[in-house]
Amino acid sequence: MAQTKSASASGRKPAAKSASKTVSKEFTGKNTPEFGKDDDLHAYREMLLIRRFEEKAGQLYGMGFIGGFCHLYIGQEAVVVGMQMAQQEGDQVITAYRDHGHMLATGMSARGVMAELTGRQGGLSKGKGGSMHMFSKEKHFYGGHGIVGAQVSLGTGLAFANSYRNNDSVSVAYFGDGAANQGQVYESFNMAALWKLPIIYIVENNRYAMGTSTARATAQSNYSMRGVGFGIPGIQVDGMDVRAVKAAGDEALAHCRAGKGPIILEMLTYRYRGHSMSDPAKYRSKEEVQKMRSEQDPIEQVRARLLEKGWASEDELKAIDKDIRDIVTDSADFAQNDPEPDVSELYTDILL
Amino acid sequence: MPIDILMPALSPTMEEGTLSKWLKKEGDTVKSGDVLAEIETDKATMEVEAVDEGVIGRLLVAAGTENVKVNTKIAVLLAEGESADAISAEAPKADAPAASSDAAGGKAREASEETPVAAKVPAQPKVDVAADPDIPAGTEMVSTTVREALRDAMAEEMRRDEDVFVMGEEVAEYQGAYKITQGLLQEFGARRVIDTPITEHGFAGVGVGAAMAGLKPIVEFMTFNFAMQAIDQIINSAAKTLYMSGGQMGAPIVFRGPNGAAARVGAQHSQDYASWYSQIPGLKVVMPYTAADAKGLLKAAIRDPNPVVFLENEILYGQHFDVPKLDDFVLPIGKARIHKKGTDATIVSFGIGMTYAVKAVEELSKEGIDVELIDLRTIRPMDLPTVIESVKKTGRLVTVEEGYPQNSVGAEIATRVMQQAFDYLDAPVLTIAGKDVPMPYAANLEKLALPNVGEVVQAVKTVCYK
């Protein structure tokens, strides 16, 4: 799913310069390059797939097909899609439990993800992982982790492996504003900076760690500055604008590939739904959510651009919508009809 | 009065050391803080500083002398006006062995620790050890410390596989906090022998991530007590990933380091984690006693595609055992070893628990009780068939370990033997474990908190109704 780099960061400072800075700078969308038609269409499609997939997952949860925890990515689509567009084949992705979007963006199949959500044998983990635990060696997706912050150390280990093998790959480790307060995040920052590991730490700041707003949970709410003590540069990014995300991703990846060590991207984003399906989200107002949806929605931004620039007609966009709906419907049908894992699976995959 | 200068203890477990070098000679004036001598232990080379002022009246132990016991008088310091004649012609203690010519060469050497902590661990008695069927008959054996065996295992596997590396605190430039990684940095370089910051949770996660990416890390914990900070990564990330991924991705990693009580290091540094880790599906848990097992099983652990928790013991590090001289000596994980065959009762132990068991077996044989002693070697997967087979023969079972008694490894063995061999038991299974208390510091209390040979002997007599 990796795209060739386009819309290079003209007019911005080269990566080398930002590397020496430890203060954050911003990608607000205003100082980022426009996408060309292909990139905008690609981003639209990818984000829409995640949106519709998650809506369907929410529906299946309500119908009892999906159990346990189910954390939806709706609202944050631009983050993972923009990053994926900047990455190249071989770059690893690791994240926490709000992970369906990451899986789809890395190219893991909608059927496989949805069937894992319903706990069926055709799920990516044969039904044994669930919503929070899917992996794909082929797509370089390393999970899918349920312990808040653990994936940051693991992602640092992926970067360590790249460094050990002296290859050109970069590890992209996602975590939320909540995980950013975990101790092992800073243990990892220290080692990554010390050993100049090729890793992008992506803070998906969606403003709420479950029900606790960043204002109530953190002394330094500018997460891009969380690496200052380790000399890790940080960039604050408008995570609702896929162009800003990709531009920041391009810069961060170039930084890592140039051997300059880790970098932090703080993605300012927002989740529309509750923390998980069982969260009524009473810690924020409906108006707040509505304002984000109507003014900053990542998909609507691209849609408006496509129409405004004449890169797609309403009909063409409708055709894309239908395409996506077909994929999602197919995945949901598959996930509801696929059998549960054979009982013999209980005792497999414990040891090799 | 002349002042005696004694051989100092430089670590909690030091019993003896090599007096490698005198930096003062007889007749020299010294003041407090002057370096008098260099002493090598199996762990480090340390300088001995003068505490008092005076003139060196006599050096009682020659430079290069090995195995000088702690508290041996090594020199005499004279106060002003005193004469060397005032020193009684007292020779060093008879048990201080003769000087060895190559010891003064500066190369750190292993001190022979026949009895590392006399108060705690019984001396290795002469038990006719049964041959390990995994070692070909007639193989030449070389006396090796557990420490050297572990180092050799890592070095051999690192030569064999470029993906194997070792990381941990002080593993590289310091040569290992307990010198287990001695020489590895010199042979393999800083890329593969990696000093980490003091950051167990973080570097355990880094290790697991590297393993998920296909490397084969050996993560050394300075002690498993510190691995408590990292236990989430060991269990939630390393052990469960294979299952959670439906078999797609696992973590071929070894977590190793000293486990359990050393000596006089108090409650937070003295816990045995064998039963903790042995509860976790997705982990293998190895806990060797002999140097041969340490070597053969560590090599197997490094090659194993699963996460392996490899529990060592600081007190065993300096002990010598025969290790087979083979090009590639790998033992199977999950297979117990019959340490001594017997007919009257079975003792099952592992790791340092074996030191009590071996001594008890010797005492019991003097009383006509012929014990079969099984060294479990691997706690998970557990070789229960070997235990059951023995119990079918003897009808009596005692387990020995240093860990806490509740939910101990012995309790698990007792349960399973009760379920699977009930009809063969002639007496209830007795489980000897550490006492149900945090480890006390005071020497007498610490001794009480640990198992002892007398308890094991008594337990075997009890199950034999003698």
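Residues numbered from 1 in each chain as written. Chains lettered and ligands numbered in written order. Predicted model: local features only at pLDDT ≥ 70, side-chain atom pairs only at ≥ 80, totals over all residues.

Labelled according to an unreviewed UniProt entry, chain B appears under the name Pyruvate dehydrogenase E1 component subunit beta, originating from Aliirhizobium smilacinae. According to the UniProt record, the Catalytic activity (unreviewed entry) comment for chain B is "N(6)-[(R)-lipoyl]-L-lysyl-[protein] + pyruvate + H(+) = N(6)-[(R)-S(8)-acetyldihydrolipoyl]-L-lysyl-[protein] + CO2". (UniProt positions renumbered as here; feature names shortened; annotations may be inferred.)

The name given to chain A in an unreviewed UniProt entry is Pyruvate dehydrogenase E1 component subunit alpha, with Aliirhizobium smilacinae as the source organism. The heading Cofactor (unreviewed entry) in the UniProt record of chain A holds the text "thiamine diphosphate". According to the UniProt record, the Function (unreviewed entry) comment for chain A is "The pyruvate dehydrogenase complex catalyzes the overall conversion of pyruvate to acetyl-CoA and CO(2). It contains multiple copies of three enzymatic components: pyruvate dehydrogenase (E1), dihydrolipoamide acetyltransferase (E2) and lipoamide dehydrogenase (E3)."

Caption draft 1: Summary view of the overall build of chain B. Within chain B one finds 12 helices and 22 strands. Relative to a compact globule of 466 residues, whose C-alpha radius of gyration would be 23 Å, chain B shows 24 Å and is just as compact. Judged by the C-alpha coordinates and their principal axes, chain B covers about 80 × 60 × 45 Å. Taken across its 466 residues, chain B has 55% of its residues classed as buried. Taking as baseline every contact in chain B between residues at least 6 positions apart, the subset at least 24 positions apart corresponds to 77%. (Helix = DSSP H or I, 4+ residues; strand = E, 2+ residues; numbered from the N terminus. Rg over C-alpha atoms; globule rule 2.2 N^0.38 Å. Buried ≥ 20, exposed ≤ 12 C-beta atoms within 10 Å, placed from the backbone. Contact = placed C-beta atoms within 7 Å.)

Caption draft 2: Local environment of the overall build of chain A. Counting its regular elements, chain A contains 12 helices and 9 strands. Taking 352 residues into account, the globule formula puts the C-alpha radius of gyration at 20 Å, and chain A, at 19 Å, falls close to it. Here the C-alpha coordinates of chain A stretch approximately 55 × 55 × 40 Å along the principal axes. Considering chain A as a whole, with its 352 residues, one finds that 55% of them fall into the buried category.

Caption draft 3: Up close: the nonpolar core. Ile200 of chain A together with Val398, Val456 and Val460 of chain B are the most contacted members of the largest nonpolar core, which has 214 residues in total. A domain-level breakdown of this core finds at least three residues from each of domain 2 (141–324) and domain 3 (337–463) of chain B. Look past the residues within four positions of Val398 of chain B in its chain and what remains in contact with it is Ala345, Ile347, Leu430, Ile432, Val456, Ala459, Val460 and Val463 of chain B. Counting residues in hydrophobic clusters, the runner-up holds 19 residues, among them Trp22, Val30, Ala75 and Val76 of chain B. (Core = buried A, V, L, I, M, F, W, Y, C linked by C-beta atoms within 7 Å. Domains from an automatic or database assignment.)

Caption draft 4: Examining the environment of Thr29 of chain B more closely. Residues and elements named next belong to chain B. Mapping Thr29 onto the fold places it in strand β3 (residues 29–30). Taking the C-beta count within 10 Å as the criterion, Thr29 has 12 such neighbours and is therefore assigned exposed. A C-alpha to C-alpha distance of 35 Å links Thr29 and Ala177, two positions 148 residues apart in sequence.

Caption draft 5: Molecular detail of the interface of chain B and chain A. Opposite the 35 residues of chain B that make contact, chain A presents 32 residues. Per-element tally for the side of chain B that touches chain A: the top contributor is helix α3 (residues 200–212) of chain B, with 10 residues. Across the side of chain B that touches chain A, the residue classes tally to 15 nonpolar, 18 polar and 2 charged. (Nonpolar A, V, L, I, M, F, W, Y, C, P; charged D, E, K, R; others polar.)

Caption draft 6: Just the domain arrangement of chain B, in detail. All names here are of chain B. Splitting chain B by domain gives domain 1 (3–85), domain 2 (141–324) and domain 3 (337–463). The C-alpha-based centres of domain 2 and domain 3 are spaced at 26 Å. With 23 residues of domain 2 in contact, the opposing surface of domain 3 contributes 24 residues. Among the secondary structure elements, those contributing two or more residues to the side of domain 2 that touches domain 3 are α6 (274–278), β14 (284–286) and α7 (291–303).

Caption draft 7: View of the packing of helix α9 (residues 384–394) of chain B against helix α10 (residues 409–421) of chain B. Residue and element names in this part refer to chain B. Running from amino to carboxyl end, α9 crosses α10 at an angle of 60 degrees, the nearest separation of the two axes being 11 Å. Here α9 lies oblique to α10, going by the angle between them. With respect to the hand of their crossing, α9 and α10 are arranged in right-handed fashion. Contact with α9, carried on its side by Leu384, Val387, Ile388, Val391 and Lys392, involves Ile413, Arg416, Val417, Gln420 and Ala421 of α10 and no other residues of that element. (Axes fitted to C-alpha atoms, helices over the stretch in contact; angles between N-to-C directions. Parallel < 35°, antiparallel > 145°, perpendicular 65-115°, else oblique. Left-handed = near helix turned anticlockwise from the far one by under 90°.)

Caption draft 8: Expanded view of α3 of chain B. Residues and elements named next belong to chain B. In this model α3 runs 18 Å from its N-terminal to its C-terminal C-alpha over 13 residues, within 8% of the 18 Å that 1.5 Å per residue would give. Among the 13 residues in α3, 13 count as buried, and that is most of the element. Gly214 occupies a position one or two residues after α3 and carries a positive phi of about 105 degrees. (Expected span 1.5 Å × (residues − 1).)

Caption draft 9: Region of interest: the sheet that holds β14 of chain B. Residue and element names in this part refer to chain B. Spatially, the 7 strands line up as an open sheet ordered β11-β10-β12-β13-β15-β14-β20, and their pairing is mixed. Edge positions in the sheet fall to β11 (193–195) and β20 (378–380), since each has one partner strand and no second. Across the sheet, the axes of successive neighbouring strands diverge by a mean angle of 20 degrees, strand direction being ignored. Across 3 bridges, the pairing between strand β12 (residues 216–220) and strand β13 (residues 254–258) is parallel. (Pairing = 2+ DSSP bridges.)

Caption draft 10: Representation of the UniProt feature "domain: Dehydrogenase E1 component" (unreviewed entry) in chain A within the structure. The sites that UniProt annotates as "domain: Dehydrogenase E1 component" (unreviewed entry) are residues 46–343 of chain A. Within residues 46–343 of chain A, the helical portion is 46% and the strand portion 12%, while the C-alpha atoms at the span's ends are 36 Å from each other.

Caption draft 11: Local environment of the confidence of the model for chain A. For chain A, per-residue confidence averages 91 on the pLDDT scale, and residues scoring 70 or more make up 91% of the total. Scored below 50 in pLDDT, residues 1–24 of chain A shows 48 contacts in the model against residues more than four places distant or in partner chains. (pLDDT = per-residue confidence, 0-100.)

Caption draft 12: Molecular detail of the sheet that holds strand β22 (residues 430–432) of chain B. Residues and elements named next belong to chain B. Pairing in this open sheet of 5 strands is mixed, and the strands run β17-β19-β18-β21-β22 from one edge to the other. Since the sheet does not close on itself, it has two edges, and those belong to β17 (337–340) and β22, each with one partner. Direction aside, neighbouring strands of the sheet carry axes that sit 25 degrees apart on average.

Caption draft 13: Quick look at helix α2 (residues 37–62) of chain A. Here α2 of chain A spans 37 Å end to end across 26 residues, near enough to the 38 Å set by a 1.5 Å rise per residue. Positive phi shows up at Gly64 of chain A, right after α2 of chain A, with a value of about 90 degrees.

Caption draft 14: Structural context of the UniProt feature "domain: Lipoyl-binding" (unreviewed entry) in chain B. Here the UniProt-annotated "domain: Lipoyl-binding" (unreviewed entry) positions come out as residues 2–78 of chain B. In residues 2–78 of chain B, the share of helix is 0% and the share of strand is 53%. The end C-alpha atoms are 5 Å apart.

Caption draft 15: Layout of the pairing of strand β5 (residues 45–49) of chain B. Residues and elements named next belong to chain B. Note that strand β4 (residues 35–40) and β5 share 5 bridges and pair antiparallel. The residue bridging Ala37 from the neighbouring strand is Val48, located in β5. Hairpin connection of β4 to β5: 4 residues between the antiparallel strands.

Caption draft 16: The environment of Gln87 of chain A, seen in detail. Following the sequence through the fold, Gln87 of chain A ends up in the loop between α3 (77–86) and β2 (92–95). Judged by local crowding, Gln87 of chain A falls into the buried class, with 25 C-beta atoms found within 10 Å.

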